[in-house]
Structures are given as structure tokens and as C-alpha cells.
Amino acid sequence: DVQNELRQNIVDRYVSTELLDQKTEELGYVVSEGDVVKAIQEFEPFKVNGAYNADAAKAFLRANGMSDAEFEAQQRQDLRLRQLAGGISVSSFAT
């Protein structure tokens, strides 16, 4: 059944993300506040005429049912996962 498969894919993705997030914490990957701010300001849906716009950011978050804190946490997690992926690709290249 397609609906059950979709549910399972969502659960699998959530579990994978959580496990990777735990691994980044174990390995000591750290994202600075400045990196998070930069990622948020560079997020395309938050831009108007190529520049960060607080009203556009609020509208996007409201439309997607997210708080500022939730979005910031998501960006922090994404940045840590990118660090992990970058570390894996660099170590694969070096071997």
C-alpha cells in the first residue's frame, strides 16, 4: 500500500536524521551562532530583492507553522549534518 510505504519512508528518514544528529554531537561538531545567523539570512525564501527581509522570514515561518526557534534549530542541525557529510567525503577522498 502506497500510504503505508510513505509513512515508513517518513519514519525511516526521521530516525536516520536523529541518528546522524546524535553522531555529530558525539563527534563534537559545533556550529557557531554566526554560522546559524548567516544560514538564516541566506535562506532564499527569507529574501526580498536579494536581501534578507525579516517580514518575509516571519511570513514564511507562519505559513509553514514554524517558530523562529524551531527554524533556528533546524538550520543548526542541517549545518552540523553538512559538516559530517563534508568530513566523510574528505576522509573518503583521502583514503
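About the criteria used
- Residues numbered from 1 in each chain as written.
- Predicted model: local features only at pLDDT ≥ 70, side-chain atom pairs only at ≥ 80, totals over all residues.
- Heavy atoms only, no water.
- Core = buried A, V, L, I, M, F, W, Y, C linked by side-chain atoms within 4.5 Å.
- Buried < 20%, exposed > 50% of the residue type's maximum accessible area, 1.4 Å probe, protein only.
- Helix = DSSP H or I, 4+ residues; strand = E, 2+ residues; numbered from the N terminus.
- Contact = heavy atoms within 4.5 Å.
- Salt bridge = Lys/Arg side-chain N within 4 Å of Asp/Glu carboxyl O.

K.L.:
Break down the nonpolar core for me, with residues and values.
P.N.:
With nine residues, the main nonpolar core is built from Val-31, Val-36, Ala-39, Ile-40, Phe-46, Ala-57, Leu-61, Phe-71 and Leu-79. If you list the elements that add at least two residues to this core, you get helix H2 (33–42), helix H3 (54–63) and helix H4 (68–94). Residues in contact with Leu-79, not counting those within four places in the same chain, are Val-31, Asp-35, Val-36 and Ala-39.

K.L.:
Report on the pattern of salt bridges, specifying residues and quantitative values.
P.N.:
Throughout the structure, instances matching the rule amount to three salt bridges. In this structure, Glu-44 and Lys-47 form a salt bridge, with 3.3 Å as the shortest nitrogen-oxygen distance. Residues Glu-72 and Arg-76 are paired through a salt bridge, measuring 3.4 Å at the closest nitrogen-oxygen approach. Of this pair, Glu-72 and Arg-76 both sit in helix H4, four residues apart, which is roughly one turn of the helix. The partly exposed category is assigned to Glu-72, whose relative accessible area is 29%. Overlapping salt bridges bring together Glu-33, Glu-72 and Arg-76 as one network.

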